[in-house]
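Descriptive analysis of the structure
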Amino acid sequence: MTEPPRWRQAFDAVERRVTPRAEELVRSEAFAVGAALTRRAVTVARGSARDLTARAWHLLNLPAGTDVSRLRAQVGALDREVRRLTLQLEAARRETERHRTPEESDADSAQPPDGPRPRPARRRAQRPARP
């Protein structure tokens, strides 16, 4: 069998020497405490930076990332509600269609020869006069 390349031999030699010491280090209590403190420091720094940038955006009267996330969640909730109401409405329409007599359904589907009639214009609510 052929020998592995020289770079692989060098890598394996270094790995044999370093691995036991690295294993000992990462399994120590000091390493665990240091990793936990580092993680906490990163979390605090990230939160502080996020709060600072949000205040800066709000000072400029612009939405921050948290505002956009909250609005996206609200739009998602509204979308789900509209879908649910649409399904309920379709189910109610199907139920109504099942209970109609043939004469009622024929009368509803009758259209004038030149096509369906236009809908009347909707009236807008009037606003009260300003004082």
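Residues numbered from 1 in each chain as written. Predicted model: local features only at pLDDT ≥ 70, side-chain atom pairs only at ≥ 80, totals over all residues. Heavy atoms only, no water.

A few words on the overall build of the chain. A count of helical and extended segments in the chain gives four helices and zero strands. In the chain, the order of α-helices and β-strands from amino to carboxyl end is α-α-α-α. Classification of the 131 residues of the chain by burial places 4% in the buried group. A total accessible area of about 13,200 Å² is found for the chain, and carbon and sulfur atoms account for 58% of it. (Helix = DSSP H or I, 4+ residues; strand = E, 2+ residues; numbered from the N terminus. Buried < 20%, exposed > 50% of the residue type's maximum accessible area, 1.4 Å probe, protein only. Areas by Shrake-Rupley, 256 points an atom, 1.4 Å probe, with all protein chains shown as cover.)

Moving on to a nonpolar patch on the surface. Where nonpolar side chains cluster on the molecular surface, the patch consists of L25, V26 and F31 and spans about 270 Å² of accessible area. Position of F31 relative to the elements: it lies in helix α2 (residues 29-59). Since its relative accessible area comes to 38%, F31 is described here as partly exposed. (Patch = residues over 30% accessible without salt bridge, like charges linked within 9 Å, V, L, I, M, F, W, Y side chains within 5 Å. Salt bridge = Lys/Arg side-chain N within 4 Å of Asp/Glu carboxyl O.)

Turning next to α2. Between the first and last C-alpha of α2 there are 45 Å, a value that for 31 residues agrees with the 45 Å anticipated at 1.5 Å per step. The positive-phi residue at the C-terminal boundary of α2 is N61, with phi of around 60 degrees. (Expected span 1.5 Å × (residues − 1).)

Once that is clear, we can look at the pattern of salt bridges. In the structure shown here, the tally under the stated rule is six salt bridges. A salt bridge links R27 to E23; its shortest N-O distance comes to 3.1 Å. The salt bridge partner of E81 is R84, with a shortest N-O separation of 2.5 Å. Taken together, the residues span about one helical turn, with E81 and R84 both in helix α3 (residues 65-99) at a distance of three residues.

This part covers the confidence of the model for the chain. Of all residues in the chain, 76% attain a pLDDT of 70 or more, and the chain-wide mean is 87. Mean pLDDT in the chain bottoms out at helix α4 (residues 102-109), which sits at 60, and peaks at α2, which reaches 96. (pLDDT = per-residue confidence, 0-100.)

For N61, which is not a glycine, the phi torsion comes out positive at approximately 60 degrees. Assignment of secondary structure puts N61 in the loop between α2 and α3. Given a relative accessible area of 70%, N61 falls into the exposed group.

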